[in-house]
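# Structural description and commentary
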Amino acid sequence: MSSTVPAKPKNLNRLGLAMADYKGAPSTLCSGCGHDAVTSQIIKAFYEMGVHPSRVAKMSGIGCSSKSPAYFLSTAYGFNGVHGRMPATATGAVLANRELVCIGVSGDGDTAAIGLGQFCHLLRRNIPMIYIVENNGVYGLTKGQFSPTADLGSQQKSGIVNDLPAMDLCSLAIELGCNYVARSFAGDPKQLVALLKGAISHKGTAFLDVISPCVTFNNQDASRKSYKWAREHEEWLHQIDFIPHFEPIETVDYADGQVVDVEMRDGSHIRLHKTERGFDPTNKEAALRLLHEARERGEFLTGLLYVNPNSRDFMELLDLVDEPLASLPEEKLRPKPEVLEEIMREFM
Amino acid sequence: MDTTISEQKKDEVDQQQPRAVVNDFSIQVATVNGSGSQSSNNVLMRSIFQMGIPVSGKNLFPSNIAGLPTWFTIRASKYGYVGRKKEIDILVAMNPETAREDVESLEPGRVVVYEQKLNLSALRNDLVFYPIPFAELSGQIVQDIRLRKLIANMIYVGSLAALLDIDMAQVESAISKWFKNKQKAVDLNIRAARLGEEYVRENVTKRDPFRVEPMNQTVGKIIIDGNSACALGSMFGGVSVVTWYPITPSSSLCETLIEYMKRYRTDPETGKATYAIVQAEDELAALGMALGAGWAGARSMTATSGPGISLMAEFSGLAYFAEIPAVIFDVQRVGPSTGLPTRTSQGDITSLFYLSHGDTKHVVLFPANMAECFHFSIKAFDLAERLQQPIFVATDLDLGMNNWMADPFDYPDKPLDRGKVLSAEAIEKLGGFARYKDVDGDAIPYRTLPGTEHPLAAYFTRGSGHNEAAKYSERPEDYERTVNRLLKKHETAKTYVPQPMIYHVDGAEIGIIAYGSTDAAMAECRHQLFSEYGIESAYFRIRALPLTHHLREFVETHKRIYVVEQNRDGQMADLVKLEVGADAGKIRKVLHYKGIPIDARFVTDAIVEMERSDRR
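This one's a predicted model, so the numbers in the text were calculated from it and none came from an experiment.

## A look at the overall build of chain A
When you go through chain A residue by residue, the secondary structure sums to twelve helices and 13 strands. For a compact globule of 348 residues, the expected C-alpha radius of gyration is about 20 Å, and chain A comes in at 21 Å, within 12% of that figure. C-alpha extents for chain A along the principal axes are approximately 70 × 50 × 45 Å. By residue count, 54% of the 348 residues in chain A fall in the buried class. A sequence separation of at least 24 residues applies to 70% of the contacts in chain A between residues at least 6 apart.

## Here's the deal with the overall build of chain B
Scanning chain B from N- to C-terminus turns up 21 helices and 23 strands. A compact globule built from 616 residues would reach a C-alpha radius of gyration of about 25 Å, and chain B, at 27 Å, matches this within 12%. Expressed along its principal axes, the backbone C-alpha trace of chain B runs to roughly 85 × 70 × 40 Å. Per-residue burial over chain B gives 54% buried out of 616 residues.

## Quick word on the sheet that holds strand 11 (residues 276-279) of chain B
Backbone hydrogen bonds are what pair the strands of a sheet, in a parallel or an antiparallel way. Residue and element names in this part refer to chain B. The seven strands lie next to each other as 11-10-12-13-15-14-21, forming an open sheet whose pairing is mixed. Edge positions in the sheet fall to strand 11 and strand 21 (544-545), since each has one partner strand and no second. Across three bridges, strand 14 (residues 363-365) lies against strand 15 (residues 390-396) in parallel orientation. Each bridged residue has a counterpart across the sheet, and for V363 the counterpart in strand 15 is I391.

## A look at the interface of chain B and chain A
Listed per partner, the contact involves 56 residues of chain B and 47 residues of chain A. Where the side of chain B that touches chain A is concerned, the elements lending two or more residues are strand 9 (222-224), helix 8 (226-236), strand 10 (241-244), helix 10 (283-295), helix 12 (313-322) and strand 17 (460-461) of chain B. Across the side of chain B that touches chain A, the residue classes break down as 35 nonpolar, 13 polar and eight charged. Sheet analysis places strand 2 (residues 77-80) of chain A next to strand 17 of chain B, joined by two bridges and oriented parallel.

## Notes on the packing of helix 2 (residues 37-50) of chain B against helix 5 (residues 145-164) of chain B
All names here are of chain B. Where helix 2 meets helix 5, the closest approach of the two axes is 8 Å, and the angle between their N-to-C directions is 20°. In terms of axis orientation, helix 2 runs roughly parallel to helix 5. Where helix 2 crosses over helix 5, the two elements pack in a sense that is right-handed. Two secondary-structure elements touch here, helix 2 through S37, S40, V43, L44 and S47 and helix 5 through N153, M154, Y156, V157, L160 and A161. In terms of residue class, the contact of helix 2 with helix 5 is built from seven nonpolar, four polar and no charged.

## Re the sheet that holds strand 2 (residues 24-32) of chain B
Residue and element names in this part refer to chain B. Pairing is mixed across the open sheet formed by six strands, whose spatial order is 3-4-2-5-6-7. Both edges of this open sheet fall to strand 3 (55-60) and strand 7 (128-132), since each of them pairs with a single strand only. On average, adjacent strands in this sheet sit at an angle of 15° to one another, irrespective of strand direction. Here strand 2 runs beside strand 4 (residues 69-77); their pairing, made up of nine bridges, is antiparallel. Bridge pairing in strand 4 links S26 to R75. Of the strands in this sheet, strand 2, strand 4, strand 5 (90-93) and strand 6 (111-115) touch helix 3 (residues 96-104), which is tilted by about 160° from strand 5.

## A closer look at the domain arrangement of chain B
Residue and element names in this part refer to chain B. Here chain B is described as being made up of domain 1 (19-219), domain 2 (226-406), domain 3 (424-486) and domain 4 (501-615). For domain 2 and domain 3, the distance between their C-alpha centroids amounts to 27 Å. On the domain 3 side, the residues contacting the ten residues of domain 2 number ten residues. The biggest single contributor to the side of domain 2 that touches domain 3 is helix 12, with three residues. When its residues are assigned to classes, the side of domain 2 that touches domain 3 shows six nonpolar, two polar and two charged.

## Topic: the pairing of strand 12 (residues 300-304) of chain B
Regular strands show a simple pattern: their side chains alternate between the two faces of the sheet. Residues and elements named next belong to chain B. Most of strand 12 is tucked away, with five of its five residues classed as buried. In strand 12, alternate side chains face the same way, and those of S300, T302 and T304 on one face and M301 and A303 on the other are all buried. Direction of pairing for strand 12 relative to strand 13 (residues 326-332): parallel, over a ladder of four bridges. Bridging across to strand 13, T302 finds its partner in I328.

## Observations concerning helix 4 (residues 134-141) of chain B
Along helix 4 of chain B, the residues that are buried comprise F134(B), L137(B) and S138(B). Burial along helix 4 of chain B is one-sided: seen end-on, the buried residues are contained in an arc of 100°.

## So, unusual backbone geometry
Residue and element names in this part refer to chain B. The linkage connecting G335 with the following residue, P336, adopts the cis geometry, with an omega of -15°. Secondary-structure assignment places P336 in the loop between strand 13 and helix 13 (349-354). For the bond running from L545 to P546, omega is 5°, close enough to zero to count as cis. Unlike most non-glycine residues, A443 shows phi in positive territory, near 70°.

## Details of the environment of V105(A)
Residue and element names in this part refer to chain A. Inspection of the secondary structure puts V105 in strand 3 (residues 101-107). For V105, a count of 31 C-beta atoms within 10 Å gives the class buried. If sequence neighbours within four positions are ignored, V105 has contacts with S60, S65, S66, S68, P69, I132 and E134.

## Some details on the packing of helix 6 (residues 168-179) of chain B against helix 7 (residues 183-203) of chain B
Residues and elements named next belong to chain B. Running from N to C, helix 6 and helix 7 point in directions that differ by 150°, and their axes come no closer than 9 Å. Taken together, the axes of helix 6 and helix 7 are roughly antiparallel relative to one another. Read as a crossing pair, helix 6 and helix 7 show a hand that is right-handed. Across the interface between the two elements, M168, V171, E172, I175, S176 and F179 from helix 6 touch A185, V186, N189, I190, A193 and E197 from helix 7. Looking at the contact of helix 6 with helix 7 residue by residue, the classes come out as eight nonpolar, two polar and two charged.

## Points about the nonpolar core
If you look at the biggest cluster of nonpolar residues, it comprises 288 residues, and the most contacted ones within it are A93(A) and L365(B). Apart from residues no more than four positions distant in its own chain, A93(A) is found in contact with A57(A), M59(A), F79(A), L100(A), C102(A), G292(B), A293(B), W295(B), A296(B) and P450(B). The next biggest cluster of nonpolar side chains, apart from the first, holds seven residues, and it includes V138(A), F146(A), A150(A) and A166(A).

## Regarding the environment of F217(A)
Residues and elements named next belong to chain A. Mapped onto the secondary structure, F217 falls in the loop between strand 8 (205-211) and helix 8 (227-233). A count of 23 C-beta atoms within 10 Å places F217 in the buried class. A C-alpha to C-alpha distance of 7.2 Å links F217 and K143, two positions 74 residues apart in sequence. Contact partners of F217, with chain neighbours within four places excluded, come to V138, G140, K143, G144 and K157.

The rules behind each value
Residues numbered from 1 in each chain as written. Chains lettered and ligands numbered in written order. Predicted model: local features only at pLDDT ≥ 70, side-chain atom pairs only at ≥ 80, totals over all residues. Helix = DSSP H or I, 4+ residues; strand = E, 2+ residues; numbered from the N terminus. Rg over C-alpha atoms; globule rule 2.2 N^0.38 Å. Buried ≥ 20, exposed ≤ 12 C-beta atoms within 10 Å, placed from the backbone. Contact = placed C-beta atoms within 7 Å. Pairing = 2+ DSSP bridges. Nonpolar A, V, L, I, M, F, W, Y, C, P; charged D, E, K, R; others polar. Axes fitted to C-alpha atoms, helices over the stretch in contact; angles between N-to-C directions. Parallel < 35°, antiparallel > 145°, perpendicular 65-115°, else oblique. Left-handed = near helix turned anticlockwise from the far one by under 90°. Domains from an automatic or database assignment. Arc of directions from axis to C-beta. Core = buried A, V, L, I, M, F, W, Y, C linked by C-beta atoms within 7 Å.

Now the structure itself:
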């Protein structure tokens, strides 16, 4: 790898690593899969943020989306566990080593069906990690069954119609106390990479619901999870700039109320240029109302839906020592003989 | 084992007093769940213990918070027998609902101490009845109805002390110990005990043979429950991530652990926790979190019971194939979820051994006493990291929640074994590593921990679809290599697990095999077999799965083998049969599955019956 002195620092990040150092194995997903587009932006975000791959833990469950951690950051650790249980393994990993930058990639079946319970409890605990749902409304690996995020009335190739309402994971996430909730689209790399960088900066769970079309089973033009529909209907809630903590921040005066500047705990800034909607993502009630209305009207709104950078994450709640539990030496793990003697006396 | 010592003592004592029955009886207190009898029963047990007499205490309780009948049994045994005694010698009948049935179940000549108002003496004429006006007496101490009920319990402790010659000074000291710094409660309870004692001394003429005499068999010993012992073992085993879901009878293991970790694992310099304890949303998450933590290099554990084990099946398989350490305590109970959750069983043996899908075989440890609960817990964490796989520690409700006498635990004599973990420096020196390669010939590969700062350190973890370098593979030869190595690792595990305890007896034709809490009945059973029937028996105590070559040798050298356990199907007996092949015909099953702890008499009778039918 590129631990050697860079010749062209221009193409290297602040750690001296090249974009190539953030790549993974070649994807085995279908050509044109939305997930691969998300993968590219993950690579870009981690590269530009200068996160060392060896500090990254890539967690996943089962499904097409859950395979994708193999396709980015090949020198990071990966854990492809069991269906719907990525939240549990991710929780355990960060408990053991709080220095890990944890990214979980899941799908709409993995999260909204079999893994819904674990998803909810991960959010309640505010586990520090990035949680991405690559949302395409279908089960790909098992060949096209509906998932809980499939839209009411949407039709499978075989003609079967979905007669159950879709779940909105973003509203659920906000409701359960998640403090970084965003919706994006695999076909919108610019917005996605900014949201991913914000997620890397966030302390606590950062949840991204990314509409990521399945080109094989759910890309019919009428499908609300298709490229065509999403491209035609995507509406930005704001234009997003992300200024990382290691770069100088320009102090530009914007017209009153036109920009929301969110300072993250690592010193990075998320700058949101409002659209005519005038949406402010630091207002939880406004976000929930917006999502409700968008659903009623069939709108596809993307951007940062809710952010509160100053929440207390689970590590802080547990008041853990700074050093990772995994590397504590024996003298910190096993109490001394006097302790055992003291306890034994209590039982005499 | 103290079998021989106890047996010599029995002979000595038996010659002293033909009539009186000294330091060898059981007391059963029948009360209503939630009536506060726990304090009084504990004081009663400790008073006898403090007189130097070996005791054990067992709580037979319903799945209920308040209102249903519950029984607490205290056994005093000068021989040091700590298993359940089949016969009840002294019944304390405090529960009107069960009193009649409780009295009717007694053997002739036994004693009934009871609330006078219950009018039990008319039920039988072959028992010794001591009516005592507990309700009335408690009214002399307190007026509050609820308190009166609680206080009545301590009054029977005093009454029993008078009847059995229990030293009142010990009763008072046990009360002080139980109520610790609550001086008001101490005073009140001492008054109650004294009142019960005085009443008996003034109004009751003793007509039964049971009494105690001071001994010196408990000096320096402790009384503890298995869940506490496992919790302590976990703390001294260096656990740092505990993820669990409440389930009877395992909950108190983690709850006790929480208390100890707060006290002794808070970093003195920063005041911060050197551990994380999470109450998970279910058992799937509990094990998932433990595996995430084990994968990332922390010592992790969960504790559950049968229904939780079922939910952990999928993750257990993943951990087996992906080779991730974690410790799983199974405090066994009667299944299923709406079974008898407060009753004991050894019914999870095969499900633990084969838990999950595909070709899985796990390592299971079977502690049989308090010292082993402590030391096997420590060992389990070492084994999990050494073997890189989940390690199950199987206890049961009887071990986990009942009171057992033990020597104070020895401090572990070996440092933590963190297994084969490569550092960044080691990777640099080696020029890389293959996660699933058998480098040392013991089938245990090397691993690195997430966060290791070397570009060649990381690997991708997935079930069994990988080659030696942890790259994705569905090639037939890669899968075969993976599972064959895991089988070889299972062989390696045999050299690491606690070896069986074997008690050879010259000339014994029969061999007895038992494990876990069943062991508590075995010394007594073997003594009964010999002293009453002249049957000599060798004894083999299984302490872990996989079974080792010792088992085959033991079975080979005895004519008939009795496997004693607490389940319906003889789950361990079947595993033994598989292991011994051609000798399987020698295996006989002695099965106790009533939900209450096994007793020696049951085993003795069963073995004698089978031995007799051989001769017919």
